[in-house]
Each structure stands twice: as structure tokens, then as C-alpha cells.
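Results of the structural survey
In case you want the letters, here they are:
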Amino acid sequence: MKIAIVGSGYVGLVSGVCLADFGHEVICIDKDADKIAALLQGIIPIYEPGLDELVKSNVSAGRLSFSTDLPTSIAPADVVFIAVGTPSRRGDGHADLSFVRAVAREIAGAVTGFTVVATKSTVPVGTGDEIAHIIASINPGADVAVVSNPEFLREGAAIEDFKRPDRIVIGIEDERAREVMTEVYRPLYLNQSPLQFTGRRTAELIKYAANAFLAMKITFINEVADLCEASGADVQEVARGIGLDNRIGSKFLHAGPGYGGSCFPKDTQALVKIGQDFGSPMRLVETTVSINDHRKRAMSRKVIAACSGDVRGKTIGVLGLTFKPNTDDMREAPSIDLIRGLQDRGAKVVAYDPQGMMAARELLKDVIFVENAYDAARGADAMVLVTEWNEFRSLDLERIKSTMTAPVFVDLRNVYPLQEMARHGFTYVSIGRRQ
Ligand code: UGA
């Protein structure tokens, strides 16, 4: 199959590379000439484990190429994926569809022969109809089937998620697209990954409903964690006890500082707006959004309380800045509210993150960035573990403690056993566990 992917950001690039690896002929397109020039030289614009090698091997096998030229690149394609961003629209939280609409207009003038146009971008219900309308109004002769094919991959595990998905959701309104999309995903289909064919609007809603449900699950366990702290119970045990029930499931029950990232915050807000637009309010999701925002801000108060209620003039060492491990992504990271909250109360913040410091420098003012966890601990009145990178799971705790001014350790990811921290003599504050 000949496949063109418009938008070589996170989703577009990972999808393109993996589809090439399945044996398809793939061209990834982006209007950012610097990004395409870098990709042509084998420089990957994002940090994602395994992506480098996969790009290199598929480029040298002649299956993967890059271009800024949309019309020429998509003309021969059997399938054109739209994978441009749908950020939150400033001010109202609606998904901003301006990039999607612009791409639809460009595609309209460039397609030749029967072409499937599939959205991978997360788009509100009804966007497929709008894309079909845009294409038909610009080029009434265009023979296209617009499909919704949402992507469920996670940053940091993107390649594994793409190649071994729990399911592939494909929303179609034109039966001819069924055969084409089955062919695109044949290698996965043969590996028993279920293909769910459904209506286009349904597929669009599945993506939002999935992200909102996961965000609710996290938020639920976060509230249970607060209740555990208040009542002397242990959230890890509660999560295990409920998660062993297959109907609930044990994943996404790790209490923490609140969810962040480029997807959950944006998609939950957008789903709230979609519900309002259709006069069918998503009240649980509305509440989830508000609890999570509140929680991220509450984390600095937790650290301040651990420092006897006052951080003025104190040094706080922060471990981990990205919204989760194995990414360099700082979008909506809980570390941002935490650090700003501490600085507002007069703390000096020293921080380290294995991949996120370049992005963090742009976002956070007056933070001292250091090269490792031990440098962050030197002279610190408290350490705060915000992102559970593997290298923070096996810290030399004696070494950390020996250079700190006071042995206060706030662990917002419950990485360490309570007994171990007590044995090392830390005042250890974690999430939803006996302090
Ligand atoms: C999320 C979804 O998991 C993907 O399925 C989806 O495709 C993607 O959004 C998207 O819409 O593109 P991602 O944002 O990469 O993926 O990250 P997650 O691993 O889901 O983590 C999101 C946030 O939730 C992080 O801040 C993480 O720390 C937090 N989290 C996750 C918890 O606090 N507790 C948990 O148990 C799980």
C-alpha cells in the first residue's frame, strides 16, 4: 500500500514509521521544513525509545521517506492519514480544528483516484463529516472515503503500543474503505489484534471516551488516596484490592500528583465542550477536570506541610519534571504547578530530569537545573520525587541523605517502601499511605 501521513509530529511520525515497518510504502509530510530536513538526515525531533533505529532501518530499506510537498506526496497514495495537532483552543477548551481543516483543503486539490482519508488526530464528533464536506465542496469529482482511525498509543511506549494494540478502531461510512483499512492493518490483524469497524462518529467518540475514562480512573484513585491519608488506610493496597476484580482492572490505578501530558487534559476539556454542544453534559468528566486541576496545585501545599508549613528561604530538590517517564514532554506536567507554588512561597528550587530539562528551561523561571539526582540533593531542605523515572527507583538513599540539610523526602509517585525510608531515617511523605 502507498500511504501518506500529513503531520510528522508525535502520532504521525510513530504511525508512519510503524506502518513502513509493516512493509507499506510510507511518506511522512510536514510543512515545517526544518523538521523534514532534520528527519532526512536521520535526526528525530522527539525522544521516544526505539524510534531512532526504526526510522533508520525503514529509510534504508526504501520504505520510508519525508517531504514538505503535500500535493506531490499524496497524489499516488491509497491512504492519506491526517495526523496534525488538535490543541485546546485558547480561551474555551474546544479542540482547535484549524490545522485539520487546512489539511483537508489541501488534500481536496491533490488526490487522484479512489483515496481513503483517515483522521488519526483526535477530533470531535462530526469532524469526519466536515472533512468530507470540505473535500467535496472544493473538488466535487474527488473520489474519497473519509475514515476515523483514532490512535491509542502512549508516549514512551509508542512503538510497542502501535505494534501490539489492544484494538484498532476504524469508523467508516463507505464500505470500500473497509477493505483498504483491513489491508493497512493486515500484520496486526494476523497477530490477533481485534479490528473494530464501526460508524465514523462512533469511532471519533470512542477516542474521547477512552481518554476521559482513563483520566477518571486516575482521578478516582487520587481521591481515594486523599481519603486514605485522612483515615489511615493505604491506597496501594486499596488499588490492589479493587484492581484484582477483572471488572475494574489493575491498570491506571496509581495514585499520584494528577494526570498531565498532551492528551488527557486537552481531551477531557474537549469532551466537556462536545457534551455541552450536543446538550448532553458530561458531568463526571467536568468534575474530573476540576479535581485534577485542583490536585496539581495542591501538591505544593503537601510539600510545604512536609517542611513544617514554611519553605521561605529553603531549598527544594525536585526529581523528575516531565509529565511521565520516558518522554521529554513537559506539557501540563504536574511539576509546573508544583514548582511555581513552591516559588510563590519563597522556596529556591533545584531540579533534575533525565530528558525534560531543555523544555523545562522554557517554562520555568528561576529554577537551578543540575545534572543528576545527587546534585539536586546537595543542601536541600526537602527532596520531591515528581516523575517516576527508573533512575529514581534505585537511588543511593544514604548518599542523598548525607548531603541534604534536612532528611525530608516527599514521594509523589509512591516509589519507595515505607520501611526502607524509615530505616534510612527520612521523614517520608508519600501519596495515600501512612506517613
Ligand atoms: C494517553 C493514553 O494513555 C493513550 O492511550 C492515548 O493514546 C494518548 O493519551 C493520546 O490521546 O494520544 P499519554 O498521554 O502518553 O497517553 O500518557 P499516559 O501514560 O496515559 O499518562 C497520562 C498521565 O496520567 C501522566 O501524567 C501519568 O503520570 C498519569 N497517570 C497514569 C497516573 O497518574 N496514574 C496512573 O495510574 C496512570
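Residues numbered from 1 in each chain as written. Predicted model: local features only at pLDDT ≥ 70, side-chain atom pairs only at ≥ 80, totals over all residues.

1. Some words on the nonpolar core
Membership of the largest hydrophobic core comes to 128 residues, with the highest contact counts inside it found for V6 and V384. With ten residues, the single largest contributor to this core is helix 10 (residues 200-231). Inspection of this core shows a minimum of three residues originating in each of domain 1 (2-198) and domain 2 (264-272 + 285-429). The contacts of V384, once residues within four sequence positions are left out, are V303, I316, V318, L319, L338, V410 and L412. (Core = buried A, V, L, I, M, F, W, Y, C linked by C-beta atoms within 7 Å. Buried ≥ 20, exposed ≤ 12 C-beta atoms within 10 Å, placed from the backbone. Helix = DSSP H or I, 4+ residues; strand = E, 2+ residues; numbered from the N terminus. Domains from an automatic or database assignment. Contact = placed C-beta atoms within 7 Å.)

2. A few points about the UniProt feature "binding site: NAD(+)" (unreviewed entry) in the protein chain
In this numbering, the UniProt entry assigns the feature "binding site: NAD(+)" (unreviewed entry) to D30, K35, T86, T122, E155, K266 and R331. In three dimensions, the annotated residues from a span of 302 residues occupy distinct locations, with a maximal C-alpha spread of 24.3 Å. As for its placement among the helices and strands, K35 is situated in helix 2 (residues 33-40). K35 gets classed as partly exposed once you count the C-beta atoms within 10 Å, which come to 19. Residues in contact with K35, not counting those within four places in the same chain, are S8, D30 and P45. Mapped onto the elements, R331 comes out in the loop between strand 9 (315-319) and helix 14 (334-344). Note on R331: 18 C-beta atoms within 10 Å, which makes it partly exposed. (UniProt positions renumbered as here; feature names shortened; annotations may be inferred.)

3. Some remarks on the pairing of strand 10 (residues 348-352)
Side-chain positions along a regular strand alternate between the two faces of the sheet. Of all five residues that make up strand 10, four are buried, and the element is covered over most of its length. Of the pairings in the sheet, the one linking strand 9 to strand 10 comprises five bridges and is parallel in character. Note on strand 10: the bridge partner recorded for L319 is Y352. Bridge count between strand 10 and strand 11 (residues 367-369): three bridges; the pairing is parallel. (Pairing = 2+ DSSP bridges.)

4. Quick notes on the domain arrangement of the protein chain
Each domain of the protein chain was delimited in the assignment, giving domain 1 (2-198) and domain 2 (264-272 + 285-429). Contacts between domain 1 and domain 2 engage eleven residues on the former and twelve residues on the latter.

5. Considering helix 10
With 32 residues, helix 10 should reach 46 Å at 1.5 Å per residue; the first-to-last C-alpha distance of 47 Å fits that figure. Following helix 10 by one or two positions, G232 adopts a phi angle in the positive range, close to 85 degrees. (Expected span 1.5 Å × (residues − 1).)

6. Regarding the environment of L205
Along the chain, L205 falls in helix 10. Exposure remark for L205: the 20 C-beta atoms within 10 Å place this residue in the buried category. With 135 residues separating them along the chain, L205 and L70 place their C-alpha atoms 28 Å apart.

7. Notes on the site of the ligand
Close contacts around the ligand come from 21 residues, with E155, H254, Y259, G261 and C263 the closest. Among the elements of the structure, helix 10 and helix 12 (264-277) are those that each provide at least two residues to the shell around the ligand. Residue-level mapping places the shell around the ligand at the junction of two domains, with at least three residues from each of domain 1 (2-198) and domain 2 (264-272 + 285-429). (Near = placed C-beta within 6 Å.)

8. Quick notes on the packing of helix 13 (residues 283-306) against helix 14
Interaxial distance between helix 13 and helix 14 falls to 8 Å at its minimum, and their mutual angle equals 45 degrees. Our classification of the angle between helix 13 and helix 14 gives oblique. Between helix 13 and helix 14 lies a crossing whose hand is right-handed. Of the residues in helix 14, those in contact with K296, R297, M299, S300 and V303 of helix 13 are P334, D337, L338, G341 and L342. (Axes fitted to C-alpha atoms, helices over the stretch in contact; angles between N-to-C directions. Parallel < 35°, antiparallel > 145°, perpendicular 65-115°, else oblique. Left-handed = near helix turned anticlockwise from the far one by under 90°.)

9. Some remarks on the sheet that holds strand 10
On the basis of which strands lie adjacent, the open sheet formed by six strands has the order 11-10-9-12-13-14 and parallel pairing. On the outer flanks of this sheet lie strand 11 and strand 14 (427-429), each paired with one strand and no other. This sheet shows a mean twist of 20 degrees between the axes of neighbouring strands, independent of strand direction. Sheet contacts for helix 13: strand 9, strand 12 (382-385), strand 13 (408-411) and strand 14; angle to strand 13, the most-contacted strand, approximately 155 degrees.

10. Here we look at helix 14
P334, S335, D337, L338, I339, G341 and L342 are the residues of helix 14 that are buried. After helix 14 finishes, the residue G346 shows a positive phi value of roughly 90 degrees.

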